[in-house]
Amino acid sequence: MSTLAAPPTTDPIPDLRAAVEGVVAGPGEPGYDRAVPWRLDVEVSPSAVVLATSGDDVSATMRVAAAHGLTVAVASTGHGALPIDESSILVHTASLTGCVIDPETRTARVGAGVRWQQVIDLAAVHGLAPVVGSAPDVGVIGFLTGAGVGPLVRSVGLACDRVRSFDLVTGTGEQLHVTPAARPDLFAGLCGGKGTLGIVTSVEIDLLPIAEIYGGALYFDGSDSAAVLRAWRRWTADLSDDVTTSIAFLQLPQAPDVPPPLAGRFTVAVRYASVGDPDAAEAELGPMRAVATPVVDTIGVMPYRDIGAVHSDPVDPMPAHERHTLLSELTVDAVETMIEVAGAGSGSPQAIVELRLLGGEMARGGAADAFCHRGAAYSLLTIGVLVPPVADAIPAHAARVIEAMAPWSTGGEFPNFSPAADPDSLARCYDEETRAWLAALAEEHDPNGVLRVGHVVRTPRV
Ligand SMILES: Cc1cc2nc3c(=O)[nH]c(=O)nc-3n(C[C@H](O)[C@H](O)[C@H](O)COP(=O)(O)OP(=O)(O)OC[C@H]3O[C@@H](n4cnc5c(N)ncnc54)[C@H](O)[C@@H]3O)c2cc1C
């Protein structure tokens, strides 16, 4: 391995200010608070925050960091925040806000500071749609580089399957236009490899001709939750690929953005999104609507721009705890286990315990990429909000859920749902072969180890 000896760490701010056009902020200075992430539980206190205005700013930051023996981390919204200390400079992409839609080629060129809702709204004017996740206020690049599993994943595949090119700055500060033809290895590594290979400054993506979907959610009372989950298991066994669905045990707080019938009680949500004919979609949903009387039923034809309403994920920043695993199957025993450990009356302190049905186009797509989970059948995710009185109970309970479901787990994790602070989780995100080629590429393009921070795949240092 060609790692150079690190120079002693020294204050990078004067050199950054000389080299970078965007704002450079040290602790306590205006702009530094951009580092505060959406995930309020994560400590982010870099030696400096660089509000990059261009690829040149990112390149210059890489070079200054190398000269000062520092690493460089990247953040946009902080939805997937990593713990960052003073040994890193944080490149914040909030100023890279360009978003240009080309209705002729059905593409969008999107800057690294853009959130999905902006792309959705601009594309919708032309009856077009990007492939997005459950929460449209998540950042475009963080989601895409983690592969991106959304509420239409069975019909349209992963978000990374729709990327045409990335503009990348490597750890040496080199700026590369990465396409499947020109740089197939880097392109594959950026599709699933998160920030391992560098900082993406913009991306070109395909848009799909989807103006409306038939979607939303059925919410049932907690007393019906066991029956609803049992029925959902049977129903998901042979759904058409037009349909994507997930189910979530919810314990939502009394809060202004939570509809009163769902606040302060245990409910179960069946999320549903179909790109097929609305009448056929309604008929396919029929068995779930018949299981019990919903407390709230939001399912119908909706404009694509409202796709965030399918999951209705939390919007406001919060201290959260997540655990996640992928399942190879959902048997009768798996469902009973889940009811016992996380259902109504189980004492679960989690705000959300969710199962997503996978398969369909996700299983078929992807010739070469760093995403290793196309064969997974279901995704399981727990989300707890770290506030009293439940905060202390959340991590141990989440571990119990994952352990209880282990007999049906593939052992894998989506890079986007994997705990960023846990280095062991990389082995659950990427198989051995993928880790080996990603690490080799990372060493080739970042021999000084400037990007060795957070959830990145690297060759261990000797
Ligand atoms: C409420 C909520 C709902 C979610 N729903 C889904 C979902 O449905 N499907 C799904 O797949 N994921 C989902 N996620 C996970 C989300 O996609 C990841 O946390 C993602 O990393 C967020 O990206 P960000 O840029 O917004 O976050 P940030 O915290 O700003 O960035 C997180 C990481 O993304 C990478 N990254 C960000 N910007 C760049 C860049 N310019 N270049 C290179 N790497 C970069 C880095 O590794 C960075 O550490 C959800 C998260 C939340 C909180």
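See the structure above.
What you are looking at is a predicted structure, and each value in this text was computed from that prediction instead of being measured.

Draft legend 1. Broad picture of the packing of helix H7 (residues 225-235) against helix H9 (residues 332-342). Look at H7 against H9: their axes get within 10 Å of each other, and the N-to-C directions meet at 155°. Considered as vectors, H7 and H9 are oriented roughly antiparallel to each other. Of the two possible hands of crossing, H7 and H9 adopt the one that is right-handed. Of the residues in H9, those in contact with Ala226, Leu229, Arg230 and Arg233 of H7 are Val332, Val335, Glu336, Met338 and Ile339. Taken together, the residues of the contact of H7 with H9 sort by class into six nonpolar, no polar and three charged.

Draft legend 2. Region of the structure containing the sheet that holds strand S1 (residues 24-25). The four strands are arranged S1-S2-S4-S3 in an open sheet whose pairing can be described as mixed. Both outer strands of the open sheet, S1 and strand S3 (71-75), are each paired with one neighbouring strand and no more. With four bridges connecting them, strand S2 (residues 48-51) and strand S4 (residues 88-92) associate as parallel partners. Residue pairing for S4: Val50 is matched across the bridge by Val91.

Draft legend 3. The arrangement of the pattern of salt bridges in detail. Summed over the entire model, instances satisfying the criterion amount to 21 salt bridges. One salt bridge connects Arg109 with Asp167, and the closest N-O pair in it is separated by 3.2 Å. Here Asp167 lies in strand S7 (residues 163-169) and Arg109 lies in strand S6 (residues 107-111), a separation of 58 residues in the sequence. The exposure class assigned to Arg109 is partly exposed, which follows from its relative accessible area of 33%. Residue classification places Asp167 among the buried residues on the basis of a relative accessible area of 19%. With its nearest N and O atoms 3.1 Å apart, the salt bridge here joins Arg364 to Glu361.

Draft legend 4. Structural view of the site of the ligand. Around the ligand sit 30 residues, and of these Ser76, Thr77, Gly139, Val149 and Lys194 come closest. One nitrogen or oxygen atom from the main chain of Ser76 is found 2.6 Å from an oxygen atom belonging to the ligand. A distance of 2.9 Å separates an oxygen atom of the ligand from a polar side-chain atom of Asn416. If the ligand stood free it would expose 940 Å²; the protein chains cover 95% of that surface. At the level of elements, S3, helix H4 (140-145) and strand S9 (199-206) are the ones that each hand at least two residues to the shell around the ligand.

Draft legend 5. Inspection of the packing of aromatic side chains at higher detail. A complete count under the given rule lists eight aromatic pairs for this structure. Between Phe249 and Phe266, the ring centres sit 5.5 Å apart and the planes meet at 55°, which makes this aromatic pair tilted. Of this pair, Phe249 sits in strand S11 (residues 243-251) while Phe266 sits in strand S12 (residues 266-274); the two residues are 17 residues apart in sequence, bridging distant segments of the chain. Overall, Phe249 belongs to the buried group, its relative accessible area being 4%. Residues Phe414 and Phe417 carry aromatic rings whose centres are separated by 6.0 Å and whose planes lie at 55° to one another, so their mutual orientation is tilted.

Draft legend 6. Layout of the sheet that holds S9. Ordered in space as S5-S6-S9-S7-S8, the five strands form an open sheet in which the pairing is antiparallel. Two strands in the sheet have a free side with no partner beyond their single neighbour: strand S5 (99-102) and strand S8 (175-178). Averaged over all pairs of adjacent strands, the angle between strand axes in this sheet comes to 10°, irrespective of strand direction.

Draft legend 7. Region of interest: the pairing of S6. Extensive coverage of S6 is indicated by the burial of four of its five residues. By the bridge criterion, four bridges tie S5 to S6 in an arrangement that is antiparallel. From the neighbouring strand, Cys99 faces S6, where its bridge partner is Val110. Both S6 and S9 contribute to a ladder of five bridges, which runs antiparallel. Bridging across to S9, Gly111 finds its partner in Ser202.

Reading guide: rules and limits
Residues numbered from 1 in each chain as written. Predicted model: local features only at pLDDT ≥ 70, side-chain atom pairs only at ≥ 80, totals over all residues. Heavy atoms only, no water. Axes fitted to C-alpha atoms, helices over the stretch in contact; angles between N-to-C directions. Helix = DSSP H or I, 4+ residues; strand = E, 2+ residues; numbered from the N terminus. Parallel < 35°, antiparallel > 145°, perpendicular 65-115°, else oblique. Left-handed = near helix turned anticlockwise from the far one by under 90°. Contact = heavy atoms within 4.5 Å. Nonpolar A, V, L, I, M, F, W, Y, C, P; charged D, E, K, R; others polar. Pairing = 2+ DSSP bridges. Salt bridge = Lys/Arg side-chain N within 4 Å of Asp/Glu carboxyl O. Buried < 20%, exposed > 50% of the residue type's maximum accessible area, 1.4 Å probe, protein only. Near = heavy atom within 4 Å. Polar contact = N/O pair within 3.5 Å; in protein donor to acceptor, adjacent residues only side chain to side chain. Areas by Shrake-Rupley, 256 points an atom, 1.4 Å probe, with all protein chains shown as cover. Phe/Tyr/Trp six-rings, centres within 6.5 Å; stacked < 30°, edge-to-face > 60°.

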